[in-house]
Amino acid sequence: MTVALEMSDVTKEFDGVRALDGAWFRAEHGRVHALLGENGAGKSSLMNVVCGLYAPDRGSIAVDGSPVRIDGPAHARALGIGMVHQHFKLVRPFTVAENVAMANRLGGRWTDELALVAETIERYCGELGFDLDPQARIDSISVAERQRVEIVKVLMSGTRILILDEPTAVLTDDEADRLLAVIRGLAERGTAVVLITHKLREVHDFADRVTIMRAGRTVADEDPKALSDERMTELMVGSAPRSAAAARSGGGRVRLAIEELAAARDDGVAALAGVSLAVGEGEIYGVAGVGGNGQTELAEVLMGVRSALGGRVALDGEDRTSAHPGERRRGGLGTVPADRYLYGLTADLSVAENFGLTGLAAGRYGTWWVASGRMRGDTEAAIDAFEIQCHGPASRSRLLSGGNAQKLVLARELSGGGGILVAHSPTRGLDVRACAAVQSQLLEARGRGAAVLLISEDLDEVLDLSDRIGVLNRGRIVGEFERPANRHEVGRLMVGHA
Amino acid sequence: MIEFLANWLAFTPVFAVPLLLATLGLIVNERAGVINLGAEGMMLCGALAGVACYIEFGESTAVGMTAAAFAGLLIAFLFAFVVVVLRADQVVTGITIVFFGAGLTGLIGLRWNDTAIAGFRKLDLGFLSEIPFFGKVVFAQDAMVYLTIPIAFGVWYFLFRTRAGLNLRAVGENPQAADAAGIAVDAYRFCAVAAGGVLCGMAGGYLALAAAKIWVNEMTHGRGWIAIALVIFARWMPGRAVLGALLFGGIEALIPRIFAAGWPVPQYFLQMTPFLATLAVLVWVGVAGKRRSAAPGALGLPYVREDRW
Amino acid sequence: MPDRAAAAPGRTFRARRFGRLNLEVRQSIGRFKHAAFIAFGLGVGLAISVAILLAAGVEAANIFDEFVVLTFFDRLGLSSVLIECSPLILVGLSAAVAFRVNFWNIGIEGQFFWGAIGATVIAIFDVGPPSIRIGLMLVFAIVGGFLWIVPPAIFKIRFGVNEVISTLLLNYVAYQFVLNQIYGAWQDPRDRFPHSEAFDAAERLPLLGWEKVHLGLLISLVAVALVWWLMQRSRFGVYMRFVGANPHMALASGIPVAMTIFLAVGLSGALSGAAGFVMGAAQEHRLTGTMAAGYGFSGIMIAFLARNNPAAVLVVAFLIGGLYAAGQSVKVFYSLPQALVSLIQAIVVMCVAASDFLVRYRVHWLRGDGR
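None of these values were measured; they are calculated from a predicted model.

A. Molecular detail of the overall build of chain A. If you tally the helices and strands in chain A, you get 17 helices and 20 strands. On C-alpha atoms alone, chain A measures out to a radius of gyration of 24 Å, which is about the 23 Å that the 2.2 N^0.38 rule sets for 498 residues. Overall, chain A is about 65 × 45 × 45 Å in size when its C-alpha atoms are taken along their principal axes. Going through the 498 residues of chain A one by one, you find that 59% of them count as buried. Residue pairs in contact within chain A that sit at least 24 positions apart in sequence constitute 67% of those at least 6 positions apart. Entry remark: accessible area of chain A is about 19500 Å², with carbon and sulfur atoms responsible for 47%. Once the 57 positive and 68 negative side-chain charges of chain A are each reduced to a mean point, those two points are 2 Å apart.

B. Up close: the nonpolar core. Ranked by internal contacts, the top residues of the largest apolar core, which has 304 residues, are I121 and V152 of chain A, Y206 of chain B together with M137, I255 and F277 of chain C. Among the elements that take part in this core, helix α14 (residues 339-360) of chain C stands out by supplying 14 residues, more than any other. Of the domains in this structure, domain 1 (3-237) and domain 2 (254-495) of chain A are the two that each give at least three residues to this core. In contact with I121 of chain A, other than residues within four places in its own chain, are V96, A97, V100, P134, V152 and M156 of chain A. With 31 residues, the next largest nonpolar core counts A41, M47, V49 and I61 of chain A among its residues.

C. Up close: the side chain of E113 of chain A. Mapping E113 of chain A onto the fold places it in helix α4 (residues 110-128). Classification of E113 of chain A by relative accessible area gives buried; the value is 5%. Setting aside residues no more than four positions away along its own chain, E113 of chain A makes contact with N104, R105, L106, G107 and G108 of chain A together with R163 of chain B.

D. Geometry of the interface of chain A and chain B. Contacts between the two partners involve 31 residues from chain A, matched on the other side by 22 residues from chain B. At the surface where chain A touches chain B, the tally comes to 2 salt bridges. A salt bridge links E113 of chain A to R163 of chain B, with the shortest nitrogen-to-oxygen separation between them at 2.6 Å. The interface formed by chain A and chain B includes 8 residue pairs in polar contact (both at pLDDT 80 or more). At the level of secondary structure, the elements contributing two or more residues to the side of chain A that touches chain B comprise β1 (3-14), α2 (73-78), α3 (96-103) and α4 of chain A. Counting residues per element, the side of chain A that touches chain B draws most heavily on α3 of chain A, which supplies 4 residues. For the side of chain A that touches chain B, the per-class residue count stands at 18 nonpolar, 5 polar and 8 charged.

E. Inspection of the interface of chain A and chain C at higher detail. The interface of chain A with chain C comprises 57 residues on the first partner and 41 residues on the second. Carbon and sulfur atoms supply 56% of the area that chain A and chain C bury against each other, a total of about 4200 Å² over both sides. For chain A, the biggest contributors to the area lost against chain C are D15, D71 and L357 of chain A; these three give 16% of the whole. Inspection of the region where chain A meets chain C yields 2 salt bridges. Two residues, D15 of chain A and R362 of chain C, come together in a salt bridge whose shortest N-O distance is 2.8 Å. Inspection of the region where chain A meets chain C yields 15 residue pairs in polar contact (both at pLDDT 80 or more). Of all the secondary structure elements, the ones that give two or more residues to the side of chain A that touches chain C are β1, α2, α4, α10 (325-330), α11 (340-344) and α12 (351-361) of chain A.

F. View of the sheet that holds strand β16 (residues 333-336) of chain A. All names here are of chain A. Read across the open sheet, the 6 strands follow the order β16-β17-β18-β13-β19-β20; overall the sheet is mixed. Taken across any chain shown, the strands that pair with only one partner, and hence form the sheet edges, are β16 and β20 (476-482). Ignoring which end each strand starts from, the neighbouring axes of this sheet average 20° apart. Of the strands in this sheet, β13 (283-288), β19 (468-473) and β20 touch helix α17 (residues 487-495), which is tilted by about 25° from β19.

G. A look at the sheet that holds strand β4 (residues 58-63) of chain A. All names here are of chain A. Spatially, the 4 strands line up as an open sheet ordered β2-β1-β4-β5, and their pairing is antiparallel. Sheet topology places β2 (17-28) and β5 (66-68) at the edges, where each strand pairs with a single neighbour. Neighbour-to-neighbour, the strand axes of the sheet open up by a mean angle of 25°, direction not taken into account. Inspection of the sheet shows β4 paired to β5 by 3 bridges, in the antiparallel sense.

H. Helix α12 (residues 238-261) of chain B, seen in detail. Residues and elements named next belong to chain B. With 24 residues, α12 ought to run about 34 Å at 1.5 Å a step, and its terminal C-alpha atoms sit 34 Å apart, in line with that. Considered for burial, the residues of α12 that qualify are P238, A241, G244, A245, F248, G249, G250, E252, A253, I255, R257 and I258. Where the residues of α12 are buried, they touch α1 (2-31), α7 (143-161), α11 (223-233) and α13 (267-288). Once α12 finishes, G262 follows within two positions and takes phi at roughly 75°, a positive value.

I. How the structure looks around the side chain of N246 of chain C. Structurally, N246 of chain C can be placed in the loop between α9 (235-245) and α10 (247-252). A polar side-chain atom of N246 of chain C sits 3.4 Å from the main-chain carbonyl oxygen of Y341 of chain A. Polar contacts involving the side chain of N246 of chain C include one to the main-chain amide nitrogen of M249 of chain C, which spans 3.1 Å. Contact partners of N246 of chain C, with chain neighbours within four places excluded, come to Y341, L342, L345 and T346 of chain A.

J. Broad picture of the environment of G118 of chain C. Residue and element names in this part refer to chain C. Structurally, G118 is set in helix α5 (residues 108-124). On a C-alpha basis, the gap between G118 and I132 in space is 15 Å, while along the polypeptide they are 14 residues apart. Other than its neighbours up to four places away in sequence, G118 contacts F140 and A141.

K. Expanded view of the domain arrangement of chain A. Residue and element names in this part refer to chain A. Once the domains are mapped, chain A shows domain 1 (3-237) and domain 2 (254-495). When each unit is reduced to the centre of its C-alpha atoms, the spacing between domain 1 and domain 2 is 33 Å. Contact with domain 1, which involves 4 residues of that partner, is made by 7 residues of domain 2. In this assembly, domain 1 packs against domain 2 so that about 480 Å² is buried in total across both faces, 57% of it on carbon and sulfur atoms. Taken as a group, E38, N39 and T172 account for 68% of the area that domain 1 buries against domain 2, more than any other trio of residues on that side. The interface formed by domain 1 and domain 2 contains 0 salt bridges. Looking at the side of domain 1 that touches domain 2, its residues break down into 1 nonpolar, 2 polar and 1 charged.

L. Focus on a nonpolar patch on the surface. Residues and elements named next belong to chain C. Judged by side-chain polarity, F18, L21, V363 and W365 come together as a nonpolar surface patch covering roughly 450 Å² of accessible area. Residue placement: W365 occurs in strand β2 (residues 361-367). Residue W365 is classed as exposed on the basis of its relative accessible area of 52%.

M. Inspection of the packing of α7 of chain B against helix α8 (residues 163-173) of chain B at higher detail. Residues and elements named next belong to chain B. Look at α7 against α8: their axes get within 5 Å of each other, and the N-to-C directions meet at 75°. It follows that α7 is roughly perpendicular to α8 by the angle criterion. Packed against α7, whose contacting residues are F158, L159 and F160, the element α8 presents A164, G165, L166, L168 and R169 at the interface. The residue inventory of the contact of α7 with α8, partitioned by class, reads 6 nonpolar, 1 polar and 1 charged.

N. Region of interest: empty space enclosed by the protein. Here the structure, examined in full by the defined rule, presents 2 cavities of 30 Å³ or more. Space inside the largest cavity adds up to approximately 120 Å³. Lining the largest cavity are 14 residues, with C51, R77, M83 and H85 of chain A together with A180 of chain B sitting closest to its centre. Those elements that place two or more of their residues in the lining of the largest cavity are α2, β6 (81-84) and α5 (143-156) of chain A. When grouped by side-chain class, the residues that make up the lining of the largest cavity number 8 nonpolar, 2 polar and 4 charged. In this structure, the second largest cavity occupies an estimated 50 Å³ of space. Around the second largest cavity, the lining residues are V34, V83, V84, R87, Q90, V185, D186, R189, P302 and Y303 of chain B.

O. Expanded view of the pattern of salt bridges. For the structure shown, the criterion picks out 51 salt bridges over all chains. Measuring nitrogen to oxygen at the nearest pair gives 3.5 Å for the salt bridge that ties R428 of chain A to E457 of chain A. Taken together, the residues R428 of chain A in the loop between β17 (420-424) and α15 (432-447) and E457 of chain A in the loop between β18 (451-455) and α16 (459-465) connect sequence positions 29 residues apart. The partner of R111 of chain B in a salt bridge is E56 of chain B, and the shortest N-O contact between them spans 3.3 Å. On the criterion of sequence distance, the pair formed by R111 of chain B in the loop between α4 (90-108) and α5 (127-130) and E56 of chain B in helix α2 (residues 39-56) is long-range, its members being 55 residues apart. Judged by its relative accessible area of 63%, R111 of chain B falls in the exposed class. If you follow the salt bridges from partner to partner, you end up with E6, R26, E28 and R31 of chain A in one network.

Cut-offs used in this document
- Residues numbered from 1 in each chain as written.
- Chains lettered and ligands numbered in written order.
- Predicted model: local features only at pLDDT ≥ 70, side-chain atom pairs only at ≥ 80, totals over all residues.
- Heavy atoms only, no water.
- Helix = DSSP H or I, 4+ residues; strand = E, 2+ residues; numbered from the N terminus.
- Rg over C-alpha atoms; globule rule 2.2 N^0.38 Å.
- Buried < 20%, exposed > 50% of the residue type's maximum accessible area, 1.4 Å probe, protein only.
- Contact = heavy atoms within 4.5 Å.
- Areas by Shrake-Rupley, 256 points an atom, 1.4 Å probe, with all protein chains shown as cover.
- Lys, Arg positive; Asp, Glu negative; His and termini not counted.
- Charge placed at Lys NZ, Arg CZ, Asp CG, Glu CD.
- Core = buried A, V, L, I, M, F, W, Y, C linked by side-chain atoms within 4.5 Å.
- Domains from an automatic or database assignment.
- Salt bridge = Lys/Arg side-chain N within 4 Å of Asp/Glu carboxyl O.
- Polar contact = N/O pair within 3.5 Å; in protein donor to acceptor, adjacent residues only side chain to side chain.
- Nonpolar A, V, L, I, M, F, W, Y, C, P; charged D, E, K, R; others polar.
- Buried area = accessible area lost by both parts, 1.4 Å probe.
- Pairing = 2+ DSSP bridges.
- Axes fitted to C-alpha atoms, helices over the stretch in contact; angles between N-to-C directions.
- Expected span 1.5 Å × (residues − 1).
- Patch = residues over 30% accessible without salt bridge, like charges linked within 9 Å, V, L, I, M, F, W, Y side chains within 5 Å.
- Parallel < 35°, antiparallel > 145°, perpendicular 65-115°, else oblique.
- 1 Å grid on protein atoms, 1.4 Å probe; cavity = no way out; pocket = protein on both sides within 12 Å on 5 of 7 lines; lining within 4 Å.
- Points joined across faces, edges and corners; volume = space filled by probe spheres on them.

Right under this line is the structure:
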């Protein structure tokens, strides 16, 4: 086995925040290397250095044994390095062939070249067992297909070092297994594959070697067979608390009722096709499902930022289907959105303003003058109660880490006291500690009698926290389970074509 | 009536060409993701340079148009440096370019103010120009009118039938993806702005040398803004830009015809029509096209490779 | 695997010889550093402006005298600065209020005209008793400016029509309407010049008793105080900040987003209308076709340099008033066109906008291979 990639002592700071701190990494041709670590550990940053997007502050890189200074993505490509990013680098209004052609020059007249690219895509698809239409527009194909486009695009550049950033995060279990088999095949033919992941199962099943990162440093480089799950977790997160699994809690009177709710995406495609569910007092209702089955639209319709095309939403029996978000909030609703800096926070305004805004809108801090002293006081109390690390209420919320930003949102949404909470992927992108803190806050809220609708693509989270589970598939609740739910049964409904 | 129609249609291209040139330039700009609100300023600089060089260097329209293009290019370099390299706010900078252009031309244009020139002459294509009605409308225009047709085709061909055009559109739709594919985002944007500046400069030069045949301060009189609106109307497609330019050129050409016909229409209300028509078109596009916008995905957003937000 | 040689021919990469700039996005910046960078931009802008003045024939020795000493440290000079800055403060506030909710009101001149038209209607038709006529003129001016911005505001909120273009187009429409009036029905019967008849004494803003400084200055200062309270201390001000910075979050948090935009934009129009009133009732004493010239861009520029802060608007408008006043005297003594003022403003704005580069990014030089 020859060494394909060797990185040592790589350091990278983003405006004083050290994302990589003397990290090192080694990959060999013909092997699958897992790069394991939790969110924010520096995995993606390290690989972005390799593919030329980030210029490291310090450190050395050698490709195929010779030291290089990678000067941009074009250089990385020329060195045979290709990366499939977690957020795909595809131009949505372009066709598959155009996207692939953008990154690969086959020469000749442009129209001929495009035809040649399309032909080549089909040849690669044949080899890899993919099914892609080169003339399809990116925004008309599924997430899994987009990922295949990325893989073909990267391989066509003559990639000898293939990096995949959390490739299975957007796939169903079935699709993931197929993809990993393809990757295995590529490795057998001599490619060095780097698989960025935080799933231990993938490491055990597919990797020949695992490198573990924590807080910007490389903490281990081992044969995965020599490491137990417990040991890997410990290396990943240090010693961390796990949120205690909650006992079943009975639902009281219904507080949030959804009947036959229908809604469409921005482009007019139907996203919700009649969702019905009810959440009672002191209950967490978990909505499980593979991403893209209507979760975002469900959360947005409930927040009041997307209009329902049919059906009914009632809070405490009052119809609020087409109410302004302010009215919903007065009706007792709090929302924790998935995209914190879209619907949850405004990065350039202060922590106190972000915390106080909903109260302000509800008139709690004065009608005309803003009672800014009281607002600051309440913010300070919330900072203490939720252990939010920040430089005081006046600091900009942009400076909060992901976990602290989410705690701020949660603190605000629970402070209204309405007792109905819609939480969409509340722990997405958080490290283990913050994740546990957020989950225990949800459980505590339930303990205080809140009705919580938890929409999450993380099945473990749904199974851990929910009293009842509904499976969302193609815009419908296709099955409901009482706690304890059978993981296999839930998973089957998530991917089924029922 | 026929004569009125013939006169009107014969004058339409003279007004349509500057709108079309500017709109094409702005389409190239915006397809690369740069919104250029400074078109008016670039056109003014082109107009002054065109007239000044026409007067000073042997009354040649070719020299005038070249100078106009060059003036547009220089202003575009300034704009591109500030918004592409320094990544300043495109809206503020664009508006500033308008007043920069107006101020600069107002200051150095004094010498050439109000000097009437011969400018572009209508071509005489022999018997073709003699054909009744059609001869006057189609075969008796000036050289630039005929030259604009291949320019429009060229812009379309470049954007949709070449690799560089694909790259440019990729840069405007999704610079992250373009960068990862090894496309030099900044270079494409810089060149797109420069090309847009050349076309806007030519639009101004033609306006002065063919339509107005004179230089006066702020003579573009809002045409740069109409061109910006036409880009939206054209859904960023050169073909539809031709239609839009003809439509608005037609409206502009109608105004002097109506005066000439001596109809009792209030002059100043008539002068409002291009602006009101533009507004109407914008509202129409807004009402009709709300569901799917054709605007480039990264329009107006500066790109920074290491931006993690 | 399909053979790679055929798929990826001639892959050569030429390394950069000299290197390139790499930008690091700053998450925050110290106050002092921030101020220093903006001051740097301002300094570069002023230096270029001075160079232009020199090139235009103003003598080097006189620049400081004309633009500083005789403008700000001379009784007559200072009084004309105060006169010039009254409408500037109002248009600056107008732009600041609209920009705060992310609405680019480029149509200040149109609203300014409609303010002046509103005041003129009251004045030339002698509406109401003379004792309250000046007040009535102000009210009509405010209504005129407000009404002129209502269509673009609704088009933006309802149909997503780009307000930069719509407000700007309406400037030309307003201008043509003014021409229609001053060349037509309202033409001054006395001298037949294209402007309205002069306002009577009761239709002019009274002087404050110091040179020719008039009540317009006080109106502007009161407006600053009110807008400052509204933007910095009131509940509506917080709404405006959130709507401007993140309308999605504002909506999800229960803020009436559309109404906030509409009211802020309406206030912007009203302030521009008030500026038209001050110009008409205190400086021109009539409706003219040139009275709004330059105020649109100056308003934008003042709000931009003041970072939409009403208190800072006061300071910047005062300095721009100095530029206007000095521009007037340079115009007389060196026969330089008014365009000079426009040019200098544009250069300063561009330099300050460009200096944001240093505020936003930390710049590194990545070495090339230099072979």
